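# Structure assessment
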Amino acid sequence: MFDQVAAAPPDPILGLTAAFRADERPEKINLSVGVYQDETGKTPLLECVRQAEQRLAEAAGTKSYLPISGLADYTAAVAELALGGDHEAIAGKRIAAAQTPGGTGGLRVAADLIHAVLPDATIWLSEPTWPNHPNIFAAAGVPMKTYPYFDAAGDRLDIEGMLAAIGDMPSGDVLLLHGCCHNPTGVDPTPKQWRQIGDAAAAAGVLPLLDFAYQGFADGITEDAVGLRELCRPGAELLVCSSFSKNFSLYRERVGALMAIAPTAEAACAVQSQLNKVIRCNYSNPPAHGAEIVNTILRDAALRQQWEGEVATMRDRINGMRHALVDALAAAGVPGDYSFMTQQRGMFSFSGLTKDQVNRLKEEFAIYIVGSGRINVAGLTPSNVERVAECIGKVVG
Ligand SMILES: Cc1ncc(COP(=O)(O)O)c(C=O)c1O
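Residue positions within a chain follow its written sequence, with the count starting from 1. At least 70 in pLDDT is required for a residue's local features to be given in this predicted model, at least 80 for side-chain atom pairs to be given and counted, and no such filter applies to totals for whole chains, interfaces and linings, which use all residues. Heavy atoms throughout the structure, all of them, feed into the side-chain values; hydrogens and water do not.

Moving on, we come to the overall build of the protein chain. Secondary structure elements are taken from DSSP: a helix is a run of H or I of four residues or more, a strand is a run of E of two residues or more, and numbering for both begins at the N terminus. When you go through the protein chain residue by residue, the secondary structure sums to 14 helices and 13 strands. By its C-alpha atoms, the protein chain is 60 × 55 × 55 Å across when sized along the principal axes. Each residue is placed in one exposure class: buried if its accessible area under a 1.4 Å probe, protein chains only, is under 20% of its type's maximum, exposed if it is over 50%, and partly exposed if it falls in between. Within the protein chain, the fraction of its 397 residues that count as buried is 55%. We call two residues contacting when some pair of their heavy atoms lies within 4.5 Å. Considering only contacts in the protein chain between residues 6 or more positions apart, those separated by 24 or more positions represent 75%. Note that accessible areas follow from Shrake-Rupley with a 1.4 Å probe, and for residues the cover is restricted to the protein chains shown. When the accessible area of the protein chain is evaluated, it comes to approximately 17,300 Å², of which 54% is carbon and sulfur surface. Seen as two clouds, the 33 positive and the 45 negative side-chain charges of the protein chain have centres 3 Å apart. Asp and Glu are treated as the negative residues and Lys and Arg as the positive ones, with His and the ends of the chain left uncounted. In plain terms, the charge of a residue is placed at NZ if it is Lys, CZ if Arg, CG if Asp and CD if Glu.

Quick look at the structure:
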């Protein structure tokens, strides 16, 4: 049987990392996959995580199964982190929630839920979006369409195009939004634009699904929830996929959550049962360790303060490297104005480099960037930024 199977194409982002690992040139630089690195090029184990793991090891709990929807303490802490502890949706018990294996697991459960309970819905993705979004919804059998998002000429959000598209969406469809740090463009709505998006979605009767993978990486942990809190109006319905891969640097622990915010507590109970049903026949129940770490940190005042400081350090380093890259491009005499990169938010910068230029950077200079021209700014360090700028100069010149 298997000798008839054709090879699948490599994943456009993770495939690049495999090629990077195999590259023997010592000067190689990986700016492709969305993983934070510190100024020495290492993906850190956060100190708050180290301390939480120590406590968990000493408490030596059981390894029995978690419930299908995961640790209830953890999902409650996630809701408070996302919405604020005093939010009306929490007090009104309007939230069905599940601990999921990473943000990707949360998105897949959301996709399965949509397929099960909203069989006529189409999901609308921003153009462009994270390349795994279409894979996930296709695998779950949810039809997809795209809406305009990025105005490449102006390096800004195409808010007019986006609002017009939302206005034309059929009622009952699902609108996928990035909570902050839009991947790949780094361009987010302003608070005023979030209000316009919320108004348009409510008027059209579409269900927002917020992919919230970078809370704390743009302006701050609370500040980055501005869009979510705008959309989560009294009685409003919403899906939210949180990931703690980046902001807790827990990538390989696979820790995330899905929240379905329903109009009433009764509706939330019914949605919870449907959520449990789709999880049961997928991975049955989630892995515990990552969620126990996040729960321990969020529920301890000292660890939480430590975490907030460590998120700020990561955020500040990324923003510092944005400025360093723009300065280095100017110093290397690269033609063009790259100052827009300092306005973009989160880990990524949409550089405007073409596929050919990206390819030359890889072939000639061992610098790995995603084909869309998306640079992982968190892969830049004080010791590689000048070389990156010079090589960009050689391929655009
Ligand atoms: C926009 C977006 N959503 C979701 C994820 C999923 O993150 P994970 O599954 O690693 O938690 C990522 C990771 O790169 C992302 O960029």
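There's more to say after this.
Moving on, we come to the environment of Asp120. On the secondary structure map, Asp120 appears in the loop between helix H5 (102–117) and strand S3 (123–127). For the pair Asp120 and Leu163, spaced 43 residues apart in sequence, the C-alpha to C-alpha distance is 22 Å.

Looking along the chain, the bond that leaves Glu127 and enters Pro128 is cis, with omega of 5°. The topology assignment puts Pro128 in the loop between S3 and helix H6 (132–139). Residue Asn183 is joined to Pro184 through a cis peptide bond whose omega torsion reads 20°. On the secondary structure map, Pro184 appears in the loop between strand S7 (174–178) and helix H8 (191–204). Residues other than glycine seldom take positive phi values, yet Ala366 does so here, at roughly 60°. Assignment of secondary structure puts Ala366 in the loop between helix H13 (355–365) and strand S12 (367–368). Using a relative accessible area of 0% as the deciding quantity, one classes Ala366 as buried.

Let us look at the packing of aromatic side chains. Ring pairs shown here join Phe, Tyr and Trp side chains whose ring centres sit within 6.5 Å, with only the six-membered ring taken for Trp; geometry is labelled stacked below 30 degrees between planes, edge-to-face above 60, and tilted in between. Counted according to the given criterion, the structure contains eight aromatic pairs. Look at Tyr338 and Phe340: their rings are 6.1 Å apart centre to centre, the planes differ by 35°, and that puts the pair in the tilted class. Accessibility expressed as a relative area gives 17% for Phe340, which makes it buried. Linked through ring pairs, Tyr74, Phe244, Phe248 and Trp307 together constitute an aromatic cluster. Here the basic side chain of Lys28 rests over the ring of Phe20, its NZ or CZ set 4.7 Å away from the ring centre. Lying across the ring of Phe348, Arg374 places its NZ or CZ 3.7 Å from the centre. Two conditions define a charge sitting above a ring: the NZ of Lys or the CZ of Arg must be within 6 Å of the ring centre, and it must be within 35 degrees of the ring normal.

Once that is clear, we can look at the pattern of salt bridges. Criterion for a salt bridge: a side-chain nitrogen of Lys or Arg within 4 Å of a carboxyl oxygen of Asp or Glu. According to the stated counting rule, one finds 14 salt bridges in the structure shown. Here Arg195 and Glu230 are joined by a salt bridge, their closest N and O atoms 3.1 Å apart. Linking Arg195 in helix H8 with Glu230 in helix H9 (residues 226–231), this pair joins segments that are 35 residues apart in sequence. Asp199 serves as the salt-bridge partner of Arg233, at 2.9 Å between the closest nitrogen and oxygen.

In an α-helix, one full turn covers 3.6 residues, which means residues spaced three or four apart are oriented alike. Every buried residue belonging to H6 is among Asn132, His133, Ile136 and Phe137, and all of these are buried. An end-on view of H6 places all buried positions within 125° of arc, on one side of the element. Next to the buried residues of H6 lie H5, S3, strand S4 (144–148), S7 and strand S8 (207–212). Directions drawn from the helix axis to the C-beta atoms are what define this arc.

Here, strands pair whenever DSSP counts at least two bridges between them. A sheet is described by the order of its strands in space; here seven strands give the open sequence S2-S10-S9-S8-S7-S3-S4, paired in mixed fashion. Both edges of this open sheet fall to strand S2 (95–100) and S4, since each of them pairs with a single strand only. Recorded for the sheet is a direction-independent mean angle of 25° between the axes of neighbouring strands. Two elements, S2 and strand S10 (residues 256–261), share six bridges in a ladder whose sense is antiparallel. Residue pairing across strands places Ile95 opposite Ile261, the latter belonging to S10. Inter-axis angles, ranging from 0 to 180 degrees, are taken between N-to-C directions of lines fitted to C-alpha atoms, where helices are fitted over the stretch in contact. In the packing of H8 onto the sheet, the strands contacted are S7 and S8, and the crossing angle to S7 comes to about 170°.

In this section: the site of the ligand. In these notes, residues near a molecule or strand are those with any non-hydrogen atom within 4 Å of it. Taken together, the neighbourhood of the ligand is formed by Gly102, Gly103, Thr104, Trp130, Asn183, Asp211, Ala213, Tyr214, Ser243, Ser245, Lys246 and Arg254. Under the rule applied, a polar contact is a pair of N or O atoms within 3.5 Å (in protein, one hydrogen donor and one hydrogen acceptor; residues adjacent in sequence only if both atoms are side-chain atoms). At a separation of 2.5 Å, an oxygen atom of the ligand approaches a polar side-chain atom of Thr104. A distance of 2.6 Å separates an oxygen atom of the ligand from a polar atom in the side chain of Ser245. Considering every element that reaches the shell around the ligand, the biggest residue donor is H5, with three residues. Side-chain classes follow a simple rule in which Ala, Val, Leu, Ile, Met, Phe, Trp, Tyr, Cys and Pro form the nonpolar group, Asp, Glu, Lys and Arg form the charged group, and the remainder, Gly included, forms the polar group. In terms of residue class, the shell around the ligand is made up of three nonpolar, six polar and three charged.

So, on to a nonpolar patch on the surface. Every patch collects residues that have over 30% relative accessible area and no salt bridge, joining them within 9 Å if they carry like charges and within 5 Å if they are nonpolar side chains (Val, Leu, Ile, Met, Phe, Trp, Tyr). A cluster of nonpolar side chains, Met1, Phe2 and Val5, forms an exposed patch at the surface whose accessible area comes to about 470 Å². Along the chain, Phe2 turns up in the segment before helix H1 (14–22). Take Phe2: its relative accessible area is 74%, and that puts it in the exposed class.

Now for helix H14 (residues 385–396). Over its twelve residues, H14 extends 16 Å from the first C-alpha to the last, a length consistent with the 16 Å expected when each residue adds 1.5 Å. Among all positions in H14, only Val385, Val388, Ala389, Cys391, Ile392, Gly393 and Val395 are buried. To estimate how far a helix should extend, the number of its residues minus one is multiplied by 1.5 Å.

This part takes up the packing of helix H12 (residues 301–331) against H14. Where H12 contacts H14, the axes come no closer than 9 Å and their chain directions differ by 45°. Judged by the angle between their axes, H12 and H14 are oblique. You can see that H12 and H14 cross each other, and the crossing is right-handed. Counting all contacts with H12, which are made through Met321, Ala324, Leu325, Ala328 and Leu329, the residues of H14 involved are Val385, Glu386, Val388, Ala389 and Ile392. Per-class residue counts for the contact of H12 with H14 are nine nonpolar, no polar and one charged. Put simply, angles under 35 degrees are roughly parallel, angles over 145 are roughly antiparallel, angles from 65 to 115 are roughly perpendicular, and the rest are oblique. By convention, the crossing between two helices is left-handed when the near helix turns anticlockwise from the far helix through less than a right angle, and right-handed when the turn is clockwise.

By themselves, these observations are geometric and do not establish any function.
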